[in-house]
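Chain and residue survey
Here's the letter readout for the chains.
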Amino acid sequence: MKPFTRLAKAGVLGMNSRNLDFIAAYNPRRYYPLVDDKIITKKLAIEAGVTVPEQFGVIRYGGEINIIERIAKKRASFVVKPSRGSGGGGIMVFNGLAKTGLRRMNGQITPWADVKYHISNMLSGMFSMGDGSDSVLIEERLVPHSAFSKLAFGGVPDVRVIVFRGIPVMAMLRLPTAESDGKANLHQGGVGAGIDLVTGITTRGVQHNDSVDLHPDFETPVRDFQVPAWPEILELASRLGHHIGLGYVGVDIVICEHKGPTLLELNARPGIAIQTANLRGLRPLLMPVHKLPSVPEDVHERIEICKANWRGEPLDRFIAPGDEV
Ligand SMILES: Nc1ncnc2c1ncn2[C@@H]1O[C@H](COP(=O)(O)OP(=O)(O)O)[C@@H](O)[C@H]1O
Ligand SMILES: [Mg+2]
């Protein structure tokens, strides 16, 4: 049976309810630009004391495209992405400078003319949310934590955490595959694995909406994998989710071998496929948090709530006396 069929009766959150009950109700529109633009998000995260990939440069106009050559000579390994992109669209991950161009994660060389043509397409807004042109962000390439050596093909995996009112409610690990070319996005062919929020251990995997037990390139099991630095990941997600003023947000975190948990991006309209990866509906996890009269300022208290909620325990004990509705 397809995972989605089994989910139907398990409180699965549909696109309409996600949009109306949670995104519209909890995400003031004025905050969207903060998370829709990766250059702004980066500044915001630094403000909140969260680690981000180092920014090497920004290309805003066609006349600035040659900046890429300067950066490539100095850095060799970096990522080029549309600042308001989504779903991995347009992103190029490079790990070396060759005579004729730049080396991609799959070993192929992209000639300079193609690199520049691609950047001008990104500037035109071809891969970006909203209308109009975009800026191109060039940033440090994060290196996956060594624990992923047999689970991430040619790129970095990331952890998506759905944070509601500053409380993590669901998470999944996304693993790049040969097919997804250095990117971990599910619609690029990445594998999604559900994560037990309490332990940080993966529970099951999906690719293209079908259950998978093994990573397609390594044939290593995708379940029962302990995500490294799990307590820090929960804390980063909760801290940032609380800081930015968006009630319902997807926080994407890379566990970098050198920098530890690092914020990749925030998403004001996180997808609902995370439910398929966890074989668990979002609604039963969101409702108890929705009903809390207030949430604690202290990040560790919010994480206690997150764990109790994941275990299905009632949240009454977290309601402060005098705070009842
Ligand atoms: N700095 C980086 N270092 C290494 N890989 C990256 C970096 N930025 C993005 N990627 C890869 O590309 C994917 C998509 O990047 P992301 O910044 O989340 O953009 P999008 O909004 O398009 O999803 C990530 O999941 C990751 O696999
Ligand atoms: Mg992303």
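Being a predicted model, the structure only gives us computed values, none of them experimental.

Further remarks concern unusual backbone geometry. Phi is mostly negative for residues that are not glycine, and the peptide bonds are mostly trans. A positive phi is found at E219, a non-glycine position, where the angle reads about 60°. Within the secondary structure, E219 sits in the loop between strand 11 (210–212) and helix 7 (230–243). Of note in the backbone geometry, D224 takes a positive phi value of approximately 60° without being a glycine. Within the element layout of this structure, D224 appears in the loop between strand 11 and helix 7. For D224, a relative accessible area of 63% corresponds to the exposed category.

A few words on helix 4 (residues 38–47). Taken residue by residue, helix 4 has K38, I39, T41, K42, L44 and A45 as its buried positions. For helix 4, the secondary structure elements touched by its buried residues are helix 3 (32–36), strand 1 (55–59), strand 2 (78–82), strand 6 (136–140), helix 7 and strand 13 (260–267). The N-capping residue of helix 4, defined by a side-chain oxygen 2.9 Å from the backbone nitrogen of I39, is D37. Following helix 4 by one or two positions, G49 adopts a phi angle in the positive range, close to 80°.

Moving on, we come to the UniProt feature "domain: ATP-grasp" (unreviewed entry) in the protein. Using the residue numbers shown here, the UniProt feature "domain: ATP-grasp" (unreviewed entry) corresponds to residues 42–293. The span residues 42–293 shows a helical share of 22% and a strand share of 30%, and its end C-alpha atoms are spaced 31 Å apart.

A few words on the packing of aromatic side chains. Per the counting criterion, the structure on display carries seven aromatic pairs. Ring geometry for F22 against F164: centres 5.5 Å apart, planes inclined by 80°, an arrangement best described as edge-to-face. Here the residue F22 occupies a position in helix 2 (residues 15–26), and F164 occupies one in strand 7 (residues 158–164), the gap between them amounting to 142 residues. In this structure, F22 and F164 share a single accessibility class: buried. Feature note: the residues F22, Y26, F164 and Y248 constitute an aromatic cluster, connected by ring pairs.

Reading the values: rules and limits
Sequence positions are assigned chain by chain, starting from 1 and proceeding in written order. The naming scheme follows written order: chains are lettered A onward, ligands numbered 1 onward. Given that this is a predicted model, residues contribute local features only at a pLDDT of at least 70 and side-chain atom pairs are listed and counted only at 80 or more, while totals for whole chains, interfaces and linings are drawn from all residues. Heavy atoms throughout the structure, all of them, feed into the side-chain values; hydrogens and water do not. Only DSSP runs of H or I reaching four residues or more are called helices, and only runs of E reaching two or more are called strands; each is numbered from the N terminus. In this scheme, a residue with accessible area under 20% of its type's maximum is buried, one over 50% is exposed, and one in between is partly exposed, where area comes from a 1.4 Å probe on protein chains only. Throughout, a contact is declared for two residues whenever any of their heavy atoms are within 4.5 Å. Here a polar contact is recorded for every N or O atom pair within 3.5 Å, except that within protein the pair must consist of a potential hydrogen donor and a potential acceptor, and residues adjacent in sequence are included only if both atoms are side-chain atoms. UniProt positions are given in the numbering used here, feature names are shortened, and annotations may be inferred rather than shown by experiment. Between the rings of Phe, Tyr and Trp (Trp by its six-membered ring), a pair exists once the centres lie within 6.5 Å; its type follows the angle of the planes, with under 30 degrees stacked, over 60 edge-to-face, and the other angles tilted.

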